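Listed below are the residues making up each chain.
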Amino acid sequence: MESIKEMFDKLSQRLEALARKNAVVSPPISVGDRHVVPLCELSLGFGGGGGVGEHAGEDSDKGKGRGSGGGAGGGARITPVAVLVVDGGKVRVQVLA
C-alpha cells in the first residue's frame, strides 16, 4: 500500500506544478499596440486504487492463491474564461461565453 501512497504523492506534485505554469494567467499575445492576456480556469482531478492478495485454501477449486492490484491516474483541464485586452492605453475584460 505504501507504493500507492507514493504514486498519489508524485501525481499530486506533478499536477500542482502544472497548475503553477501559466494555468491561471497565460502569457500575453501581442500584435502591435494591442495585447491580449488569456485568463483561465483550472480543474484538477485524480484517483486511484489499491491491491490485495489472498491464499486460496485446499477447499478452493484451483488451489492457488490469487491477488490483484491497482494504480493511480489524474488529469487537468484548462479552460479560457476571459481575456484581458490592452489596446491604446485602455484596458478591458472580455468574458468568454
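Just so you know, the residues in each chain are numbered from 1, in the order the chain's sequence is written. Per-residue local features are limited, in this predicted model, to residues with pLDDT of at least 70; the limit for side-chain atom pairs, both in listing and counting, is 80 or more; totals at the level of whole chains, interfaces and linings are taken over all residues. With hydrogens and water stripped out, all remaining heavy atoms of the structure feed into the side-chain values.

Draft legend 1. Up close: the pairing of strand β2 (residues 34-48). Strands pair, by our definition, only if DSSP identifies at least two bridges between them. Helix numbering and strand numbering both begin at the N terminus, where a helix is a DSSP run of H or I of at least 4 residues and a strand a DSSP run of E of at least 2. By the bridge criterion, three bridges tie strand β1 (residues 29-31) to β2 in an arrangement that is antiparallel. Bridge pairing links valine 31 to arginine 34 in β2. Between the end of β1 and the start of β2, which pair antiparallel, lie two residues, with glycine 32 showing a positive phi angle near 60 degrees. In terms of strand pairing, β2 meets strand β5 (residues 72-87) through 15 bridges, oriented antiparallel. For valine 37, the partnering residue across the bridge sits in β5 and is leucine 84.

Draft legend 2. Broad picture of the pairing of strand β6 (residues 90-95). Each residue is placed in one exposure class: buried if its accessible area under a 1.4 Å probe, protein chains only, is under 20% of its type's maximum, exposed if it is over 50%, and partly exposed if it falls in between. For β6, the buried fraction is low: zero of the six residues fall into the buried class. When β5 meets β6, the two strands line up antiparallel, connected through six bridges. Along β6, the bridge assignment pairs leucine 84 with valine 93. Counted between consecutive antiparallel strands, the loop separating β5 from β6 contains two residues, among which glycine 88 sits at a positive phi close to 60 degrees.

Draft legend 3. Broad picture of the sheet that holds β2. Reading across from one edge, β1-β2-β5-β6 is the order of the four strands in this open sheet, with antiparallel pairing throughout. Every interior strand has two partners, whereas the edge strands, β1 and β6, have only one. If you compare each strand with its neighbour and ignore which way they point, the axes differ by 25 degrees on average. What counts as an axis is a line fitted to C-alpha atoms, over the stretch in contact for a helix, and the angles between N-to-C directions run from 0 to 180 degrees.

Draft legend 4. View of the pattern of salt bridges. Here a salt bridge means any side-chain nitrogen of Lys or Arg lying within 4 Å of a carboxyl oxygen belonging to Asp or Glu. Within the structure shown, the criterion is met by one salt bridge. Between aspartate 87 and arginine 34 there is a salt bridge, with the nearest N and O atoms lying 2.7 Å from each other. Taken together, the residues aspartate 87 in strand β5 and arginine 34 in strand β2 connect sequence positions 53 residues apart.

Draft legend 5. View of the confidence of the model for the chain. Of all residues in the chain, 79% attain a pLDDT of 70 or more, and the chain-wide mean is 80. As a per-residue measure, pLDDT tells how confident the predictor is, with possible values from 0 to 100. Within the chain, no element has a lower average pLDDT than helix α1 (residues 2-20), which sits at 74, and none a higher one than β6, at 94.

Draft legend 6. A look at the environment of glycine 53. Position of glycine 53 relative to the elements: it lies in strand β3 (residues 52-54). The exposed category is assigned to glycine 53, whose relative accessible area is 63%. Spatially, the C-alpha atom of glycine 53 lies 6.2 Å from that of serine 68, the residues being 15 residues apart in sequence. Here, residues are in contact when the closest pair of their heavy atoms is within 4.5 Å. With near-sequence residues (within four places) excluded, glycine 53 lies in contact with Arg66 and Gly67.

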